[in-house]
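Observations on the model geometry
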Number of protein chains: 2
Amino acid sequence: MSRYDRWNAILELLSQEGRLSVEEAAQALDVSTATIRRDFDQLAQQQMLMRTRGGAVAQSVSYDLPLRYKTARHADEKHRIAVAAAELVPPGAIVGLNGGTTTSELARTLATSATLESGFTIVTNALNIAAELTVRQHVKIVVTGGVARPQSYELIGPLATGVLEQVTLDVAFLGVDALDVELGASAHHEGEASVNHLLISRAAQVVVVADSSKVGQRAFSRICPIGQIDTLVTDGRLSDELTGRLTDAGVKVIRA
Amino acid sequence: MSRYDRWNAILELLSQEGRLSVEEAAQALDVSTATIRRDFDQLAQQQMLMRTRGGAVAQSVSYDLPLRYKTARHADEKHRIAVAAAELVPPGAIVGLNGGTTTSELARTLATSATLESGFTIVTNALNIAAELTVRQHVKIVVTGGVARPQSYELIGPLATGVLEQVTLDVAFLGVDALDVELGASAHHEGEASVNHLLISRAAQVVVVADSSKVGQRAFSRICPIGQIDTLVTDGRLSDELTGRLTDAGVKVIRA
DNA sequence: CCAGATGTGATTGTTTCTGTCGTTTTCATA
DNA sequence: TATGAAAACGACAGAAACAATCACATCTGG
């Protein structure tokens with residue numbers, strides 16, 4: 001049983017009862033109280049719960065805490081990509097993020113970054129990112145409106161574009177389904193592509209974050225041509241050939 | 001039982017009675033009078049109550065509890081309220097929901113309701129509700145944009161109002177911090193009150209959902225006068241006297 | 001197979017909380 | 001104003017919870 005399983009179990013218990021004592025948790029999960037204390041502290045650090053003397057209380061108004069400790073595919077690559085991308089953000093910046101697993105990981109990394117402790121702003125159309133980071137006091141979360149799309153948690157449609165037209169971003173991080181030198185960035189869903197297109201058009205700088213398996217692929221709906229992309233942050237597995245072609249097209253490639 | 005639980009209980013007793021003696025509190029919570037005195041002093045320091053010799057009295061307006069005190073309160077009442085409120089929604093309706101624990105419970109109830117299996121639409125400014133219900137295929141989720149407020153997960157500000165102006169609702173369910181016959185509905189935070197005000201102004205029918213402890217209370221910022229409220233769904237503990245006064249004011253009261 | 005990193009449990013000293021007890025302050029009444 | 005009872009305060013002690021540390025087990029990549 002990994003630590004993440006235990007964390008999930010703790011959050012599960014906590015969401016049922018509203019509060020949980022160190023002793024109870026230790027018995028329920030069959031570990032020592034020292035471990036539970038460590039877990040509580042770490043979860044509290046992530047704003048998942050509130051520490052009290054002798055236990056912990058549920059933090060948010062939502063009973064159903066997000067189950068964020070899944071063991072995902074390419075987790076390691078995504079994490080490295082996120083760390084490298086986070087370094088591009090100066091304190092106080094206004095950052096745009098669309099939906100996707102890589103951008104979600106990036107959002108977490110940004111929220112826990114030491115250099116950004118003084119605060120910054122995230123503008124996003126991804127519900128999961130917004131819901132997860134809302135509890136962090138030093139991050140201002142601005143959400144586009146719109147209709148929620150179940151598969152990706154992204155908000156799309158005219159309401160989303162209406163809000164995006166009213167904001168300006170320092171840098172937009174774009175998670176994509178596919179990135180091709182000729183076609184540019186693309187997504188599976190035309191509604192997402194449309195909103196993502198508008199998101200990057202509001203940004204002074206456009207950074208695509210994608211693991212190397214996405215590069216060279218094409219998806220149904222085009223987001224933007226390759227020329228609008230300033231930077232690509234990907235993992236080290238990207239071939240030198242693809243890297244060269246992207247660089248020739250004017251994209252700065254960072255292989256984390 | 002942690003100190004925060006005790007503080008919760010003290011504030012709970014205090015809001016019911018209006019005043020509370022050291023001796024009463026010590027008996028009710030089964031701790032020494034010394035502890036109660038310490039608690040009273042600490043709560044007074046946080047402006048949660050006013051100290052008197054031998055006891056404490058409630059503040060005139062209720063403040064937003066700091067997050068750390070909050071535990072799942074009145075879970076059972078909230079569930080019954082949610083079930084009763086859900087019966088007011090016909091299939092295919094467009095339903096507005098603001099943030100709060102009661103409306104969150106209502107959202108879950110609506111999503112699992114058998115009579116609504118054919119589908120309906122939720123318009124909300126509550127991130128937690130949106131994030132939780134997005135996965136349900138038969139519910140269309142429309143989210144207002146805006147800036148996320150950590151304490152309540154509500155989206156507020158001009159971006160939120162901009163989106164709300166573009167929609168029309170069949171029925172709006174309003175979770176409130178306080179409901180008073182003279183003052184109407186009110187919230188702790190002026191930004192929330194403003195958005196909530198707009199939400200109900202877009203609705204053909206306005207239903208307030210609140211457990212009985214909220215009725216007769218007043219909070220900082222007014223949402224709307226009592227005349228704009230069509231129905232109140234609350235729990236069975238609401239006194240006949242308060243029920244009568246609300247009915248006289250034109251509000252249909254449902255005690256679940 | 002080893003070196004290093006990570007996670008867990010036990011031990012030990014430290015902090016925090018709470019109740020008791022004695023003293024001081026406050027308030028009502030004579 | 002004096003007085004006595006109730007309330008509040010301050011100091012102390014015991015208990016519970018916590019933090020720091022160390023030792024051991026497990027895992028991982030070379």
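Quick caveat: nothing in here was measured; it's all calculated off a predicted structure.

1. Focus: the overall build of chain A
A tally of regular secondary structure across chain A gives nine helices and 15 strands. Relative to the 2.2 N^0.38 estimate, which gives 18 Å for 256 residues, the radius of gyration of chain A is 20 Å and therefore close to what a compact globule would have. Each principal axis of the C-alpha distribution contributes one length, and for chain A these read about 60 × 40 × 35 Å. Across the 256 residues of chain A, 48% fall into the buried class. A fraction of 65% describes how many contacts in chain A between residues 6 or more apart in sequence connect residues 24 or more apart.

2. Observations concerning the sheet that holds strand E15 (residues 252–255) of chain A
Reading across the sheet, the nine strands line up as E15(A)-E14(A)-E12(A)-E9(A)-E4(A)-E5(A)-E6(A)-E7(B)-E8(B) and stay open at both edges, with mixed pairing between neighbours. Of all the strands in the sheet, just E15 of chain A together with strand E8 (154–156) of chain B have a single pairing partner and so form its edges. When strand polarity is set aside, the average angle formed by the axes of neighbouring strands in this sheet is 30°. Relative to strand E7 (residues 146–149) of chain B, strand E6 (residues 139–143) of chain A is paired through two bridges, and the arrangement is antiparallel. Across the sheet, Val142(A) pairs through a bridge with Val147(B), a residue of E7(B).

3. Section: the protein's contact with DNA strand D
If you check the shell around DNA strand D, you find Val22(A), Ala34(A), Arg37(A), Asp41(A), Arg53(A), Gly54(A), Val22(B), Ala34(B), Arg37(B), Arg53(B) and Gly54(B) and nothing else. Of all the secondary-structure elements, those providing two or more residues to the surface near DNA strand D are helix H3 (33–45) of chain A together with helix H3 (33–45) of chain B. The dominant element in the surface near DNA strand D, judged by the number of residues it contributes, is H3(A), at three residues. Of the residues that constitute the surface near DNA strand D, the class distribution is four nonpolar, two polar and five charged.

4. Some points on the UniProt feature "domain: HTH deoR-type" (unreviewed entry) in chain A
UniProt marks residues 3–58 of chain A with the feature "domain: HTH deoR-type" (unreviewed entry), using the numbering shown here. Between the C-alpha atoms that bound residues 3–58 of chain A the distance is 19 Å, and the span itself is 64% helix and 20% strand.

5. Digging into the sheet that holds strand E13 (residues 221–224) of chain A
Residue and element names in this part refer to chain A. Across the sheet, which stays open at both edges, the three strands sit in the order E10-E11-E13 with antiparallel pairing between neighbours. Each edge of the open sheet is held by one strand with a lone partner, namely strand E10 (178–180) and E13. Along the sheet, successive strands turn relative to each other by an average axial angle of 35°, direction set aside. With three bridges joining them, strand E11 (residues 184–187) and E13 adopt antiparallel strand pairing. Following the sheet pairing, Ala187 is matched in E13 by Ser221.

6. Regarding the protein's contact with DNA strand C
In the vicinity of DNA strand C, the residues found are Arg3(A), Val31(A), Ser32(A), Ala34(A), Thr35(A), Arg53(A), Arg3(B), Val31(B), Ser32(B), Ala34(B), Thr35(B) and Arg53(B). Only H3 of chain A together with H3 of chain B provide two or more residues apiece to the surface near DNA strand C.

7. With respect to the nonpolar core
Burial of nonpolar side chains together is a common tendency in soluble globular proteins. Counting residues in each nonpolar core, the largest one holds 125 residues, and the members touching the most others are Leu127(A) and Leu127(B). For Leu127(B), the residues in contact, after removing those within four places along its chain, are Leu127(A), Ala130(A), Ala131(A), Thr134(A), Val143(A), Ala148(B), Tyr153(B) and Leu155(B). With 30 residues, the next largest nonpolar core counts Leu11(A), Leu14(A), Leu20(A) and Met48(A) among its residues.

8. Re the interface of chain A and chain B
Counting residues at the interface gives 35 residues for chain A, matched by 34 residues for chain B. Secondary-structure elements contributing two or more residues to the side of chain A that touches chain B are strand E2 (49–52), strand E3 (55–58), helix H6 (127–133), E6, strand E7 (146–149) and helix H7 (158–164) of chain A. Residue classes in the side of chain A that touches chain B are distributed as 18 nonpolar, 13 polar and four charged.

What counts, and at which threshold
Residues numbered from 1 in each chain as written. Chains lettered and ligands numbered in written order. Predicted model: local features only at pLDDT ≥ 70, side-chain atom pairs only at ≥ 80, totals over all residues. Helix = DSSP H or I, 4+ residues; strand = E, 2+ residues; numbered from the N terminus. Rg over C-alpha atoms; globule rule 2.2 N^0.38 Å. Buried ≥ 20, exposed ≤ 12 C-beta atoms within 10 Å, placed from the backbone. Contact = placed C-beta atoms within 7 Å. Pairing = 2+ DSSP bridges. Axes fitted to C-alpha atoms, helices over the stretch in contact; angles between N-to-C directions. Near = placed C-beta within 6 Å. Nonpolar A, V, L, I, M, F, W, Y, C, P; charged D, E, K, R; others polar. UniProt positions renumbered as here; feature names shortened; annotations may be inferred. Core = buried A, V, L, I, M, F, W, Y, C linked by C-beta atoms within 7 Å.

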